[in-house]
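Here's the letter readout for the chains.
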Amino acid sequence: MGINLSGRSFLKLLDFTPEEMRYLLDLSADFKRMKRCGTPHRYLEGKNIVLLFEKTSTRTRCAFEVAGMDLGMGVTYLDPGSSQMGKKESISDTAKVLGRMYDGIEFRGFSQEHVEELAKSSGVPVWNGLTDSFHPTQILADLLTIEEKFGGLKGVRFTFMGDARNNMGNSLMVGCAKMGLHFTACAPAELFPDEKLVEECRRIAKKTGGSIRLTDDVAVGAGGADVIYTDVWVSLGEPDDVWEQRISLLKRYQVNRKVMNFAAPGALFMHCLPSFHDLNTTIGQSISERFGIDEMEVTDEVFNSKASVVFDEAENRMHTIKAVMYATLK
Ligand code: CP
Ligand code: NVA
């Protein structure tokens with residue numbers, strides 16, 4: 001039977017079957033080829049979308065804007081301070097208003113409940129551009145990147161190092177389970193993902209041939225991995241005063257040359273970005289002054305090494321987001 005995602009929202013990967021994710025990945029590769037060849041694909045001309053951001057963004061915003069315009073759609077961007085939502089108007093009322101004007105809504109914010117509420121009340125497809133719990137469009141881009149480099153996903157040994165209970169740790173674990181990868185969360189036990197989610201992913205992985213493993217041992221976690229993935233130690237919206245504790249918990253889990261040497265020959269380094277790998281950011285500089293560290297979750301050497309595919313991932317955000325919008329709006 002064919003896959004039909006028309007009218008669906010894209011809120012978290014748990015809502016999608018492996019076959020549906022395969023369809024989205026194949027469609028993304030098709031759109032990437034079209035873009036590269038200059039083949040026009042204004043398949044959604046006459047439609048309009050709105051992008052709602054409660055948190056800042058470079059990749060996600062630009063990916064939605066360019067993908068929307070390539071598909072021929074009108075695009076409205078609402079920045080963190082410029083809508084009534086949450087302050088003067090409830091999420092549910094905002095959803096009802098936007099659903100009357102737009103064909104689809106992207107939301108980046110804090111609470112997963114809010115993006116779910118938008119989807120329930122707006123009557124149009126809603127796409128999750130990151131919440132505190134999940135970042136599903138990023139995972140599609142990451143899976144596409146792994147597939148491009150290794151020719152497939154099943155059986156790939158994937159290790160996430162760092163804050164494994166954040167939006168990236170959660171969504172990567174779900175995405176790997178769904179597509180049959182062997183997922184390892186390598187983190188201090190305090191930062192392991194939620195037990196219930198781990199159990200759910202283990203049930204999924206049993207059916208897809210994947211597996212889920214948690215370890216606090218860097219040599220074990222990185223040993224033989226095909227992919228080493230990391231993310232910032234403090235996520236968007238977290239208070240400044242968590243830095244000290246997070247640095248002391250996570251400095252052992254920095255991705256450096258030693259960690260990459262534990263991994264399999266030809267292993268990839270991946271990161272959703274933005275990344276603190278040097279002192280060329282104001283936050284990077286201030287952390288260096290306060291705590292005396294010049295590189296955080298990844299060293300500059302690994303970030304800029306041949307193993308690093310971080311900018312392929314960034315480009316793939318656009319192709320995969322285009323596939324999600326097309327599949328759900330067509
Ligand atoms: N990876 C990612 O979501 O980047 P932005 O925060 O720049 O959107
Ligand atoms: N965990 C990070 C991901 C950024 C794409 C954050 O939420 O800030």
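Bear in mind that the values here come from a model prediction, so they are computed numbers and not experimental data.

A. Layout of the environment of Arg42. Mapped onto the fold, Arg42 is located in the loop between α1 (18-37) and β1 (48-53). Arg42 sits 150 residues away from Phe192 along the chain, and the two C-alpha atoms are 43 Å apart. For Arg42, the contacting residues outside a window of four places in its chain are Met69, Asp70, Leu71 and Gly72. Looking at Arg42, its side chain comes within polar contact range of the side chain of Glu45, at 2.6 Å.

B. Region of interest: the nonpolar core. By size, the foremost hydrophobic cluster in this structure holds 94 residues, and its most contacted members are Phe158, Met161, Leu181, Phe183, Ile228, Val255 and Met325. When residues in this core are grouped by element, the largest group, nine residues, is from helix α13 (residues 310-329). When neighbours within four sequence positions are excluded, Phe158 is seen to be in contact with Ile146, Leu172, Cys176, Leu181, His182, Phe183, Thr184, Val227 and Tyr229. In this structure, Leu11, Leu78, Met85 and Leu118 belong to the second largest nonpolar core, which totals 16 residues.

C. Representation of the site of ligand 1. Inspection of the region around ligand 1 gives Ser57, Thr58, Arg59, Thr60, Arg108, His135, Gln138, Cys272, Leu273 and Arg317 as its neighbouring residues. At 2.7 Å, a backbone N or O of Thr58 approaches an oxygen atom of ligand 1. Within the contact set of ligand 1, a nitrogen atom lies 2.9 Å away from a backbone nitrogen or oxygen of Leu273. Protein chains shield 94% of the accessible area of ligand 1, which is 250 Å² for the free molecule. Of the residues in the shell around ligand 1, the class split is two nonpolar, five polar and three charged.

D. Looking closely at the sheet that holds strand β7 (residues 211-215). Strand order in the open sheet formed by five strands is β7-β6-β5-β8-β9, and the pairing between neighbours is parallel. Edge positions in the sheet fall to β7 and β9 (268-271), since each has one partner strand and no second. When the angles between neighbouring strand axes are averaged without regard to direction, this sheet yields 20°. Two elements, strand β5 (residues 157-161) and strand β8 (residues 227-230), share four bridges in a ladder whose sense is parallel. Within β8, the residue paired with Met161 across the bridge is Thr230. Packed onto the sheet, α13 meets β8 and β9 and runs at close to 50° relative to β9.

E. Molecular detail of the site of ligand 2. The local shell around ligand 2 consists of Leu130, His135, Asn166, Asn167, Asp231, Val232, Ser235, Leu236, Cys272 and Leu273. The contact in question runs from a nitrogen atom of ligand 2 to an N or O atom on the side chain of Asp231, over 2.6 Å. Separating a nitrogen atom of ligand 2 from a side-chain N or O atom of Ser235 is a distance of 2.7 Å. A total of 270 Å² of accessible area belongs to ligand 2 in isolation, and the protein chains cover 94% of it. The residue makeup of the shell around ligand 2, split by class, is five nonpolar, four polar and one charged.

F. Region of the structure containing the sheet that holds strand β3 (residues 104-108). Ordered by their spatial adjacency, four strands build an open sheet running β2-β1-β3-β4, and the pairing between neighbours is parallel. Edge positions in the sheet fall to β2 (74-78) and β4 (126-128), since each of these pairs with one other strand and no more. Sheet twist, expressed as the average angle between the axes of neighbouring strands with direction ignored, equals 20°. With five bridges connecting them, β1 and β2 associate as parallel partners. Across the sheet, Leu51 pairs through a bridge with Tyr77, a residue of β2. The strands that helix α2 (residues 59-70) touches are β1, β2, β3 and β4; relative to β1, the one it contacts most, it runs at about 175°.

G. Broad picture of the side chain of Thr184. Inspection of the secondary structure assignment puts Thr184 in strand β6 (residues 182-186). A relative accessible area of 5% places Thr184 in the buried class. Of note is the side chain of Thr184, whose polar atom sits 3.0 Å from the side chain of Arg213. Those residues in contact with Thr184 that lie beyond four places of it in its chain are Phe158, Thr159, Phe160, Arg213, Thr215 and Gly221.

About the thresholds
Think of each chain on its own: its residues are numbered from 1, step by step along the sequence as written. For this description, chains carry letters from A and ligands carry numbers from 1, given in the order in which they are written. Selection of residues for local features in this predicted model requires a pLDDT of at least 70, selection of side-chain atom pairs for listing and counting requires 80 or more, and totals for whole chains, interfaces and linings are taken over all residues. In computing side-chain values, all of the structure's heavy atoms are included and hydrogens and water are not. Under the scheme used here, helices are H or I runs from DSSP no shorter than 4 residues and strands are E runs no shorter than 2 residues, and both carry numbers assigned from the N terminus. By the convention used here, residues are in contact when the closest approach between their heavy atoms is within 4.5 Å. The definition of a polar contact used here is a pair of N or O atoms within 3.5 Å, where within protein one atom must be able to donate a hydrogen and the other to accept one, and adjacent residues in sequence count solely through side-chain atom pairs. By convention a nonpolar core is built from buried Ala, Val, Leu, Ile, Met, Phe, Trp, Tyr and Cys residues, the set being connected through side-chain atoms within 4.5 Å. Three labels apply to residues, based on accessible area from a 1.4 Å probe with only protein chains included: buried if under 20% of the type maximum, exposed if over 50%, partly exposed otherwise in between. In this text, near means that some heavy atom of the residue lies within 4 Å of the molecule or strand in question. Reported accessibility uses the Shrake-Rupley method at a 1.4 Å probe radius. Residues are deemed covered only where the shown protein chains occlude them. Residues are grouped as follows: nonpolar covers Ala, Val, Leu, Ile, Met, Phe, Trp, Tyr, Cys and Pro; charged covers Asp, Glu, Lys and Arg; every other residue, Gly included, is treated as polar. Here, any two strands with at least 2 DSSP bridges between them count as paired. Every axis in this analysis is a line fitted to C-alpha atoms, fitted for helices over the stretch in contact. Angles between the N-to-C directions lie between 0 and 180 degrees.

Distances and angles like these do not, on their own, reveal function.
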